[in-house]
Amino acid sequence: ARSSGSLTAGTLQAEGGSWISDVAWCGHSSPFLVAATSHDAKLRLWDLRGNKPLYTLRAGYQPRKSKKTSDADAVKALAAAWSGSRVGAGGSDSAVHMYELSDLS
């Protein structure tokens, strides 16, 4: 939600009730842009003035389902961080996934 020139309380929500594990603010260059990681292996980029994510990106690779895997084995995106115009996410797949904002437009 927004009011004239200032942020008010808002809610970021992952699809399907998945847990949000981290939220990272982009900073002064984009004061309304945040990244959120969640337990569904997604990195979502939000404009806090809106109510839907601008982008939903892969932040982990899910293992193939088999008789030996369960939902507990699913990859979880655990942390997000910004570096200039890049955003990255790391998770339980032991990998860091990086995205350049200019490539998303």
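Rules used in this analysis
- Residues numbered from 1 in each chain as written.
- Predicted model: local features only at pLDDT ≥ 70, side-chain atom pairs only at ≥ 80, totals over all residues.
- Heavy atoms only, no water.
- pLDDT = per-residue confidence, 0-100.
- Helix = DSSP H or I, 4+ residues; strand = E, 2+ residues; numbered from the N terminus.
- Core = buried A, V, L, I, M, F, W, Y, C linked by side-chain atoms within 4.5 Å.
- Buried < 20%, exposed > 50% of the residue type's maximum accessible area, 1.4 Å probe, protein only.
- Contact = heavy atoms within 4.5 Å.
- Pairing = 2+ DSSP bridges.
- Axes fitted to C-alpha atoms, helices over the stretch in contact; angles between N-to-C directions.

Draft legend 1. Summary view of the confidence of the model for the protein. In the predicted model, the protein carries a mean pLDDT of 80, and the fraction of residues at 70 or more is 79%. Per-element confidence in the protein is highest for strand S7 (residues 77–83), whose mean pLDDT is 94, and lowest for strand S1 (residues 2–3), whose mean pLDDT is 34.

Draft legend 2. A look at the nonpolar core. The biggest cluster of nonpolar side chains holds 14 residues, and the ones touching the most others in it are Ala35, Leu43, Leu45, Trp82 and Val87. Sorting the residues of this core by element identifies strand S4 (33–38), strand S5 (42–47), S7 and strand S8 (86–91) as the ones contributing at least two each. With three residues, the single largest contributor to this core is S7. Other than its neighbours up to four places away in sequence, Val87 contacts Ala35, Leu43, Leu45, Ala81, Trp82, His97, Met98 and Tyr99.

Draft legend 3. Molecular detail of the sheet that holds strand S6 (residues 55–58). Pairing within the open sheet is antiparallel, and its four strands lie in the order S3-S4-S5-S6. In this open sheet, the two edge strands, each paired with only one partner strand, are strand S3 (20–25) and S6. Between one strand axis and the next, the sheet turns through 20° on average, direction left out of account. Here S5 pairs with S6 via four bridges, running antiparallel.

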